[in-house]
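Report on the structure
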Amino acid sequence: MARNEWINGYLEAILDVGANLKTQKGVDAKMKLEKLQDNVKRNKDFSPTNYFVEEVVNSVDESDLHRTWIKVIATRNTLERSNRLENMCWRIWHLTRKKKQIAVDDAQRLANRRIEREKGRHDAAEDLSELSEGEKEKDESQPVNKISRINSEMVMWSNESHESKSRQLYIVLISIHGLVRGENMELGRDSDTGGQVKYVVELARALADMEGVIRVDLLTRQIACPDVDYGYGEPIEMLSSPPEGSGNCGAYIVRIPCGPRDKYIFKESLWPHIPEYVDGALSHVVNMARALGEEFDSGKPIWPYVIHGHYADAGEVAARLSGSLNVPMVLTGHSLGRNKFEQLLKQGRLSKEDINSTYKIMRRIEGEELALDAAEMIVTSTRQEIDEQWGLYDGFDVKLERKLRVRKRRGVSCLGRHMPRMVVIPPGMDFSYVKTEDSIEGDGDLESIIGRDKALNKMAVPPIWTEIMRFFTNPHKPMILALSRPDPKKNVTTLLKAFGECQPLRKLANLTLILGNRDDIEDMSSSSSVVLTTVLKLIDRYDLYGQVAYPKHHKQIEVPDIYRLAAKTKGVFINPALVEPFGLTIIEASAYGLPVVATKNGGPVDILKALNNGLLVDPHDQKAIEEALLKLVADKNLWIECRKHGLKNIHRFSWPEHCKNYLSHLEHCRSRHPTTCHKIIPTNEEPMSESLRDVEDLSLRFSIDGDLKANGDVDPATRQKELIETFTKMSTSNRKSNTSYSPGRRQTLYIIAVDSYDTKGDPTETFPIIIKNVMEIAGADSGVIGFILSTGLSLNETKAVLKKCQVNIDKFDALVCSSGSELYYPWRDLTVDEDYDNHTEYRWPQENVRSTIMRIARLENEDDDNMVEEIKTYSSHCYTYIIKPGAKTRRVDDLRQRLRMRSFRCNTVFTHAANKLNVIPLFASRAQALRYLSIKWGADLSKMVVFVGEKGDTDYEDLLAGLHKTVILKGSVEYGSEKLLRGEESFKTEDMVPTEKSNIVVSNGYEVQDISAALKTLGIN
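Bear in mind the structure is a predicted one, so any value in this text is a computation, not a measurement.

1. Structural notes on the overall build of the chain
- Across its full length, the chain carries 36 helices and 26 strands.
- Counting only residues that meet the buried cut, the chain has 59% of its 1021 residues in that class.
- Considering only contacts in the chain between residues 6 or more positions apart, those separated by 24 or more positions represent 73%.
- As displayed, the chain offers around 43,300 Å² of accessible surface, 49% of which is attributable to carbon and sulfur atoms.

Okay, structure coming up:
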């Protein structure tokens, strides 16, 4: 009945917020009411009814609500507002039942997805069943979770080997979100600026120190915003300078702008700006590859050895860059969207729609799936991350990955299937801050440092020590240290309750909580504010004044001093997070000789297994946390033993060790190299990339363009020689006689990508009109303006349409056909670009996917002849399927999911007003073809103008965003294929394309005057 009384209190509060607020009883109700009052103060629009309904629905069992309803009916009194109370109770009961139904629906959805995954895995296993008996036995006999760090075929990287010293490796790391800088990192400032920032900065420095690595670039977002330090707006920041005489360039942070120039936006809002970032990063990498080639390899570009994306957003950027440059890609997830999505669903506090709108979770998951498609290797911190987190994704399966690896090792065909290699490489740590005395025993007594007579103290006390110890009545007691963001997932409140309710622990130790930096709790994000407010209330509830420290500020450079203070008091470090993907702070604390207590969920399991310096606990078990802390604090022999083990084994987590493992795995997994070397240098009109403009490394800045005049222009003789060599290599036996012609000399490129079809999928009469109007606008400038036709039509279809409308095909510099899978040059007698074919060949399943598409694209109960392959347009890089009128087929997102479940990596595009389906290679698309041409021709993407309709093929969104300018021709397209792109539960167009973008304009029509007006709006006359 106590539970019912609590519910009655809530319901009464709904009816009368004023007087009844003060009559609630019980600690839980009191804290919730205080939370309500705080929220009311901060938000005038706060709804108490919504607040209490949410609390009841999320916190109370349905049976309790029903009993309360019965009680209200039985005790009805005319003098009371029982009718309203009864009605309110019934409504909340109904909401609770609805919430349960949503949970059931979600469970059914997950079950259906698991069934489909199993079906996909079964299909793949059947196709791969021709393993030899020996292979079968070996595959079945080895446990799935035993993924070796270094196998017998792998040669460990060594700084001393001649082979390593002779290498010239350029490594690109990408971490977009958050505030990234080399010194005084603002870790904990917000949820985007956490351990990942520190990890990537230290990884860049460590890799730059390895033999054979000539340069490391850490790409992040440039932020010129008054709300953050001006340093985040600097294009270049040197992280480490190379040793004198080494010839290397060191490590740099390169900041590339994307999205609003004057705003710091969180990662959930970055998704629509990803294409723009890809284009900017591509420009930097190409320029740097050329610069490094001039410096180290006689002018031959040194392409990145690897492009390594960190987190989902950077993973998608790395995948796009990898496809454009044809270099290997690696991904580190840090935290994964699908795992977070399922945890949030289990909590039941938010619907799928709310989760998606708040966290952009479906867009994030798609970014991670795309990264899985493109990656050679996935770097994880723990085996648990592989089995329990990556195993949730369509594009990865532990058993299937092992089977494919066995086949590759034995030289057996994988039948067009691919899966990235998962490797466990624990993050490293910079031990340079660890002093020799930190590893000496017997330094736990603070009396020699902070005695009663401070005048006799000859040692300088770090300021952070004074700041922490001012909280304590007895600063000499062992310190229990917790260091994390004020995030609910870090579970600090459970730790505080365990400390507050354990009297023996309170007598023996103090507690220090380092929870980021704050000025005013009310100015922090809602989740951080709630955690800190709860911490303060718990301290007051248990009367922990003098026993708990919670300083408002600390600098990143003071963190080592915090660890030292805890170690000198013979203290303990604790990480009680609900789930900890890795646990870098555990390694940091261990390096200073601190025993640890850590969550048993996630990376700490592997860390403590390697270090053997602490205890694992269930983060939900408050009693277990109490006992573990008490055991380490009270048993000095155990404390000393854990300290010794930690200091002895900590070298396993050093950055040199990490980099050796990383480069060794990378060398083993790296299966492809650049097949195209672009040597055309930009024309005089094209400015140098912003990211190179402020490079301080003179050896690179002056090697970008060879011989320079005093004003920075390229020497004409050098330019002429370079161009002649380039054009000579580009010429072929069937090339036209106009040897001086090259699209690379165009100042602007107009790309016509209007998908104008009728209901039958035939090009409309509007299509040739648009082509003629765009060309007419160029007029006398046709020599400096080039034209590219980008379409879902095949080459033969394109030629037939242009012939019918009497448009000279030779006026085009390039034809991008079959949704970007084929590239032809009319000025070369329509010869295909073989380099582009080789470029997009990677992971193309070819014949292996043809029958699979027919099987998985049709919906259940659909006739077999509703989709047939079109033979007359057959191409080795594009399989086209005709969809009968009225036939139903799966959407692109559904098709892509089912292909991934079968380990096929390719793109699917509905075209011809949803009358045809093109299946093309993973790295083939109309957008990627433009990036390829920008490199090959030395063309600036910002000087390209793409003309599209208001709708189009299912790759339409990819053509809108980026550095190029886009003109949307109103009224040019009546029928599109957008209905077959995504389901309602997926992400939205605004997650792909910025809603407000200065380089996207909508014309009033497609006549000459309409197009001219739109171009003038873009600043093009």
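After that view of the structure, there is still more to cover.
2. Let's talk about the sheet that holds strand 20 (residues 867-869)
- Here we have four strands laid out as an open sheet, ordered 20-21-23-22, and antiparallel in their pairing. In this open sheet, the two strands that pair with only one neighbour each are strand 20 and strand 22 (906-911). The mean inter-strand angle of the sheet, taken between neighbouring strand axes irrespective of direction, is 25°.
- Summarising the sheet, strand 21 (residues 879-883) and strand 23 (residues 916-921) pair through four bridges and their orientation is antiparallel. By the bridge assignment for strand 23, Tyr-881 is matched with Leu-917.
- Of the strands in this sheet, strand 20, strand 21 and strand 23 are in contact with helix 33 (residues 850-857), which crosses strand 20 at around 170°.
- Across the face of the sheet, helix 34 (residues 892-901) comes into contact with strand 22 and strand 23 while running at roughly 155° to strand 22.

3. A few points about the nonpolar core
- In this structure, Ile-174, Tyr-277, Leu-325 and Trp-390 are the most contacted members of the largest nonpolar core, which totals 103 residues.
- Considering every element that reaches this core, the biggest residue donor is helix 10 (residues 274-296), with eleven residues.
- Trp-390 has contacts with Leu-331, Gly-333, Leu-336, Leu-372, Ile-378, Thr-380, Glu-385, Phe-396 and Met-422, leaving out every residue within four places of it along the chain.
- Ranked by size, the runner-up nonpolar core spans 37 residues in total, among them Phe-787, Leu-793, Leu-795 and Phe-812.

4. A short note on the packing of aromatic side chains
- For the structure shown, the criterion picks out 13 aromatic pairs.
- Residues Phe-471 and Tyr-550 carry aromatic rings whose centres are separated by 4.9 Å and whose planes lie at 50° to one another, so their mutual orientation is tilted. Residue Phe-471 is located in the loop between helix 17 (463-469) and strand 9 (479-483), and its partner Tyr-550 is located in the loop between strand 11 (548-549) and helix 21 (559-568); the two are separated by 79 residues in the primary sequence.
- Their ring planes at 35° and their centres at 5.3 Å tell us that Trp-844 and Tyr-879 sit as a pair that is tilted.

5. Points about the environment of Val-572
- Along the polypeptide, Val-572 turns up in strand 12 (residues 572-575).
- Along the sequence, Val-572 and Val-596 sit 24 residues apart, while their C-alpha atoms lie 5.7 Å from each other.
- In this structure, Val-572 is in contact with Met-479, Ile-480, Leu-481, Leu-594, Pro-595, Val-596, Val-597, Leu-629, Leu-632, Val-633 and Trp-639, ignoring residues within four places of it in sequence.

6. Considering the pattern of salt bridges
- One pass over the structure, following the stated rule, counts 43 salt bridges.
- Residue Glu-268 pairs with Lys-267 through a salt bridge whose shortest N-O separation is 3.9 Å.
- Between Arg-338 and Asp-394 there is a salt bridge whose closest N-O contact spans 3.8 Å. Remark: Asp-394 occurs in the loop between helix 15 (383-389) and helix 16 (398-409) and Arg-338 occurs in helix 12 (residues 337-347); sequence separation between them is 56 residues. One exposure class covers both Arg-338 and Asp-394, and it is buried.
- Salt bridges sharing partners connect three or more residues here, namely Glu-366, Asp-373, Arg-896, Arg-900 and Arg-905.

7. Here we look at helix 13 (residues 352-359)
- Along helix 13, the positions that sit buried rather than exposed are Lys-352, Ile-355 and Asn-356. On an axial view of helix 13, the arc spanned by its buried residues comes to 95°, and they lie on one face.

8. Remarks on the packing of helix 10 against helix 35 (residues 926-937)
- Axis separation between helix 10 and helix 35 bottoms out at 11 Å; the angle between their running directions is 20°. In this view, helix 10 runs roughly parallel relative to helix 35, as classed from their interaxial angle. When the axes of helix 10 and helix 35 are compared, the crossing they make is right-handed. Side by side, helix 10 and helix 35 meet where Pro-275, Val-278, Asp-279, Leu-282 and Val-286 of the first sit next to Arg-931, Ser-934 and Ile-935 of the second.
- Of the residues contributing to the contact of helix 10 with helix 35, the split by class is five nonpolar, one polar and two charged.

9. Remarks on the packing of helix 11 (residues 311-325) against helix 14 (residues 361-374)
- Look at helix 11 against helix 14: their axes get within 8 Å of each other, and the N-to-C directions meet at 40°. As judged from the angle between their axes, helix 11 and helix 14 are oblique. Relative to helix 14, helix 11 is oriented so that their crossing is left-handed. In contact with Tyr-311, Ala-312, Gly-315, Glu-316, Ala-319 and Arg-320 of helix 11, helix 14 contributes Arg-363, Arg-364, Gly-367, Glu-368, Leu-370, Ala-371 and Ala-374.

10. Topic: the sheet that holds strand 10 (residues 510-514)
- Across the sheet, six strands lie side by side as 11-10-9-12-13-14; this open sheet has parallel pairing. Every other strand in the sheet has two partners, leaving strand 11 and strand 14 (614-617) as the edge strands with one partner each.
- Note that strand 10 and strand 11 share two bridges and pair parallel. Each bridged residue has a counterpart across the sheet, and for Leu-511 the counterpart in strand 11 is Val-548.
- Relative to the sheet, helix 21 contacts strand 9, strand 10 and strand 12, its axis offset from that of strand 9 by approximately 155°.

11. Details of the pairing of strand 14
- With four bridges joining them, strand 13 (residues 596-599) and strand 14 adopt parallel strand pairing. Bridging across to strand 14, Thr-599 finds its partner in Val-617.
- Following the chain from strand 13 across helix 23 (residues 604-611) to the adjacent parallel strand 14, one finds a crossover that is right-handed.

12. As for helix 30 (residues 766-778)
- Here helix 30 is 13 residues long and its end C-alpha atoms lie 19 Å apart, about the 18 Å a rise of 1.5 Å per residue gives.
- All of the buried residues in helix 30 are Thr-766, Phe-767, Pro-768, Ile-770, Ile-771, Asn-773, Val-774, Met-775 and Ala-778.
- Contact partners of the buried residues in helix 30: strand 15 (748-752), strand 16 (785-790), helix 31 (795-804), strand 24 (944-948), strand 25 (965-969) and helix 36 (1008-1017).
- The positive-phi residue at the C-terminal boundary of helix 30 is Gly-779, with phi of around 50°.

13. A word on the side chain of Arg-902
- Among the secondary structure elements, Arg-902 is positioned in the loop between helix 34 and strand 22.
- Here the side chain of Arg-902 touches Arg-898 through a polar contact of 3.0 Å, landing on its backbone oxygen.
- Contacts of Arg-902, omitting those with residues within four sequence positions, involve Glu-116, Lys-119, Gly-120, Arg-121, Asp-123, Ala-124, Arg-417, Thr-852 and Ile-856.

14. So, the side chain of Asn-491
- For Asn-491, the location among the structural elements is in the loop between strand 9 and helix 18 (492-501).
- Here the side chain of Asn-491 touches Pro-576 through a polar contact of 3.0 Å, landing on its backbone oxygen.
- Leaving out residues up to four positions away in the same chain, Asn-491 has contacts with Pro-576, Ala-577, Leu-578 and Pro-619.

15. Thoughts on the confidence of the model for the chain
- Averaged over every residue, the pLDDT of the chain is 82; residues scoring 70 or more account for 76%.
- Low pLDDT, under 50, characterises residues 16-37; the predicted model gives this stretch 31 contacts beyond four residues in sequence or across chains.
- Counting contacts from residues 40-46, a segment whose pLDDT is below 50, to residues more than four positions away or on other chains yields six contacts.

16. Quick look at the pairing of strand 17 (residues 814-817)
- Neither face of strand 17 is left uncovered, since the one carrying Ala-814 and Val-816 and the one carrying Leu-815 and Cys-817 both have all their residues buried.
- Relative to strand 17, strand 16 runs parallel, the two being bridged by three bridges. Within strand 17, the position partnered with Leu-789 by the bridge is Leu-815.
- In terms of handedness, the path from strand 16 via helix 31 over to strand 17 forms a crossover that is right-handed.
- Where strand 17 meets strand 18 (residues 822-825), three bridges bridge the pair, whose relative direction is antiparallel. Residue pairing in the sheet places Leu-815 in a bridge with Tyr-824 of strand 18.
- Hairpin geometry of strand 17 and strand 18 is characterised by an intervening segment of four residues between the two adjacent antiparallel strands and by a positive phi of about 50° at Ser-818.

17. Some words on a negative patch on the surface
- Together, Glu-353, Asp-354, Glu-984 and Glu-985 make up a region of like negative charge exposed at the surface.
- Assignment of secondary structure puts Glu-985 in the loop between strand 25 and strand 26 (1000-1003).

18. Some words on the environment of Ala-281
- If you trace the backbone, Ala-281 turns up in helix 10.
- The spacing of Ala-281 and Arg-255 is 26 residues in sequence and 9.1 Å in space, taken between C-alpha atoms.
- Discounting chain neighbours no more than four positions away, the residues touching Ala-281 are Leu-219, Ile-256 and Leu-321.

19. Structural notes on the environment of Leu-207
- Here Leu-207 lies in helix 9 (residues 195-208).
- When its relative accessible area of 0% is taken as the criterion, Leu-207 is described as buried.
- When the C-alpha positions of Leu-207 and Gly-250 are compared, they lie 9.1 Å apart, and in sequence the two are 43 residues distant.

Here is what the cut-offs are and how they apply
- Residues numbered from 1 in each chain as written.
- Predicted model: local features only at pLDDT ≥ 70, side-chain atom pairs only at ≥ 80, totals over all residues.
- Heavy atoms only, no water.
- Helix = DSSP H or I, 4+ residues; strand = E, 2+ residues; numbered from the N terminus.
- Buried < 20%, exposed > 50% of the residue type's maximum accessible area, 1.4 Å probe, protein only.
- Contact = heavy atoms within 4.5 Å.
- Areas by Shrake-Rupley, 256 points an atom, 1.4 Å probe, with all protein chains shown as cover.
- Pairing = 2+ DSSP bridges.
- Axes fitted to C-alpha atoms, helices over the stretch in contact; angles between N-to-C directions.
- Core = buried A, V, L, I, M, F, W, Y, C linked by side-chain atoms within 4.5 Å.
- Phe/Tyr/Trp six-rings, centres within 6.5 Å; stacked < 30°, edge-to-face > 60°.
- Salt bridge = Lys/Arg side-chain N within 4 Å of Asp/Glu carboxyl O.
- Arc of directions from axis to C-beta.
- Parallel < 35°, antiparallel > 145°, perpendicular 65-115°, else oblique.
- Left-handed = near helix turned anticlockwise from the far one by under 90°.
- Nonpolar A, V, L, I, M, F, W, Y, C, P; charged D, E, K, R; others polar.
- Right-handed = clockwise from strand over helix to strand, strands pointing away.
- Expected span 1.5 Å × (residues − 1).
- Polar contact = N/O pair within 3.5 Å; in protein donor to acceptor, adjacent residues only side chain to side chain.
- pLDDT = per-residue confidence, 0-100.
- Patch = residues over 30% accessible without salt bridge, like charges linked within 9 Å, V, L, I, M, F, W, Y side chains within 5 Å.
- Lys, Arg positive; Asp, Glu negative; His and termini not counted.
- Charge placed at Lys NZ, Arg CZ, Asp CG, Glu CD.

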